[in-house]
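# Descriptive analysis of the structure
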Amino acid sequence: MSKVEVVNGVSSATEHKVQQITTRTDSREILANAHRDIARLHLDDYFIVDVDAHHVEFDSWSEILDHLENPVLRHNAKSMTQNWPNAKQLAFSNHPVGLTFQDVFGRIPHQAELGEHVEKTEEHRDLTLVRRAMDSMGIKMQVVFPQPMLEMGLHPEPDIVTAMTFAYNRWFTRTILPREKRVKTLLCLPFHDPEASLKMIKEFGETPGVVGFMITSQRHAGVHKNMFMRIYRELEERGLPLAFHAGPTWGDTMTSTMNRFLSVHSMSFVTCNMMHMTNWIVNGLPERFPKLKVIWIESGLAWVPFMMQRLDHEYLMRQSDAPLLKRLPSEYIQEMFFTSQPLEVTMPHMLEATFKAVHADTQLMYSSDWPHWDFDVPARIAGLPFLDEQAKRNILGENARKLFRL
Amino acid sequence: MPATSQKVFVGAGERVPEGGRLVVDIGEITIGIFRVDGNLYAYLNRCAHQRGPVCQGKIIPRVTEVIDSGGESHGFAFDETHLHIVCPWHGFEYDIKTGAHPGRRSARLIPVTVEEAADGIYVTV
């Protein structure tokens, strides 16, 4: 840093310490402008809960593979990491091509890597990075998810999916979760295998910091099938929420026609949850499990008014197709929970109408999705002109505090 | 911004090379100064989208798509005549000369008056 000459009474003018943000830049520097929002918007007065953020489990992939229970699978995976130069952080994963398009080819470095310096201590590096992000944005608690593990729903080998889901969850609940009370999680279920999912819920359902369970939404599964009912019943009886976490695919019949990641991301991050919500409502799952709280994560919000209107319109003409419903589909949707990111803000009047439609005051929960390329800072909610003070407070944290009993 | 503006000497002209930038702190304000085709442009380090640190982003020419007279695409190309600054938070791109997003011109960077004198670069804040 070099001092520069100053005239006319300004006390100092210095070269900024980081001229260009790269994958090696400290999170606190990347998020310095978000940190300024804390004072500008009095964010310290809010109990901010971020219901969707991520750590980068590939950085700990070898440790995670050590948690594979089956010795043959553990050997197979570790052999891949040792012998294949490109598989050190990929073995047994289902890393799709689109994920490496997310940083817009070097334009958004933090999406590609948080490669900043962290002093080597007994504390896990990921925990340091999570704390830096939370403190930079004024977040009190954060629900932390993995990243490539969210793609496991399309992995070709179900037994590997089950084994890896247990390995990741055991690693996370032993290595990260017990060391920071501000970190919470909704653990992935090996949803294709109901027996294994029940085992997962029983193993971790009472683990401190586990506030519910999650289905990765990119999968070819009808959530209404009888085989899954035991999972919903178990969660309902335990009072644990069930989340659907969206993700991308470039390989289904729709997205395989597309040539740009913009198109793939715009559609597939939403259509996966549209599909599951449709099956969920039409098959009357809210009537079968009335106490089960359902959360839709990382699809934004603009799709929800579409679903409400579309399903209501069709239901009124085809009531016999959905005989379990006692109300309009939109009325069930209004009792579900949603996370806010990525908040579609380009048409403010439609955003305001969307907030009203989804009963945002009680059902919407702020999420950052940090460190993803389309993350939202808390100012996204705190700065909305049509929200009253209590609504801001609820969305930024109180709705999550109530739902997760924080 | 202070109520009264002040002219601040930033440094010698060569500190902002052609196609490059200098990001400086003046009090609580951070400013990016850029040089394109010999001219200087300066903006607050605050993206119009979510107030990200736009001036610390990647500098890259605008991407265009080559379309022939029949309407067929022949792929991407860089338009070297339009240099962009890209916000590293979310990728919002701005033409450095205009400070405007090429697809939504109302999304603009906040300009700062910059001038180059014989002894170097001055900004008014």
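What counts and what doesn't
- Residues numbered from 1 in each chain as written.
- Chains lettered and ligands numbered in written order.
- Predicted model: local features only at pLDDT ≥ 70, side-chain atom pairs only at ≥ 80, totals over all residues.
- Helix = DSSP H or I, 4+ residues; strand = E, 2+ residues; numbered from the N terminus.
- Buried ≥ 20, exposed ≤ 12 C-beta atoms within 10 Å, placed from the backbone.
- Contact = placed C-beta atoms within 7 Å.
- Nonpolar A, V, L, I, M, F, W, Y, C, P; charged D, E, K, R; others polar.
- Pairing = 2+ DSSP bridges.
- Axes fitted to C-alpha atoms, helices over the stretch in contact; angles between N-to-C directions.
- Parallel < 35°, antiparallel > 145°, perpendicular 65-115°, else oblique.
- Left-handed = near helix turned anticlockwise from the far one by under 90°.

A tally of regular secondary structure across chain B gives 0 helices and 9 strands. Moving toward the C terminus, one meets the helices and strands of chain B in the order β-β-β-β-β-β-β-β-β. Based on the C-alpha atoms only, the size of chain B along its principal axes is roughly 55 × 30 × 20 Å. Counting every position in chain B, which comprises 125 residues, the buried fraction comes to 38%.

Moving on, we get to the interface of chain A and chain B. Contacts between chain A and chain B engage 28 residues on the former and 26 residues on the latter. Mapped by element, the contributors of at least two residues to the side of chain A that touches chain B are β1 (13–15), α2 (32–40) and α16 (379–382) of chain A. If one sorts the elements of the side of chain A that touches chain B by residue count, β1(A) sits on top with 3 residues. Class assignment for the residues of the side of chain A that touches chain B results in 14 nonpolar, 9 polar and 5 charged. Both β1(A) and strand β2 (residues 21–26) of chain B contribute to a ladder of 3 bridges, which runs antiparallel. Across the sheet, the residue bridging to A:T14 is B:D25, located in β2(B).

This part is about the packing of helix α8 (residues 194–204) of chain A against helix α9 (residues 229–238) of chain A. Helix-helix packing: each pair is described by the crossing angle between the helix axes and the interaxial distance. All names here are of chain A. Direction vectors running N to C along α8 and α9 enclose 15°, while the axes themselves pass 9 Å from each other. Between α8 and α9, the angle falls in the class roughly parallel. Every pair of crossing elements has a handedness; the one defined by α8 and α9 is right-handed. Within the contact between the two elements, α8 uses P194, S197, L198 and I201 and α9 uses R230, I231, E234 and L235. Class assignment for the residues of the contact of α8 with α9 results in 5 nonpolar, 1 polar and 2 charged.

A few words now on α2(A). Residue and element names in this part refer to chain A. Here α2 has its buried residues at N33, A34, D37 and I38. Structurally, α2 contributes buried residues whose contacts are with α6 (125–137) and α16. Of the residues trailing α2, H42 is marked for its positive phi of about 55°.

Attention now moves to the sheet that holds strand β5 (residues 58–67) of chain B. Backbone hydrogen bonds are what pair the strands of a sheet, in a parallel or an antiparallel way. Residue and element names in this part refer to chain B. Spatial ordering of the open sheet is given by β5-β6-β7, a layout of 3 strands whose pairing is antiparallel. The open sheet terminates on both sides in strands that have one partner only, identified here as β5 and β7 (93–95). Within this sheet the neighbouring strands show an average axis-to-axis angle of 50°, counted without direction. Here β5 runs beside strand β6 (residues 73–86); their pairing, made up of 9 bridges, is antiparallel. Counterpart to R62 in the pairing with β6 is D79.

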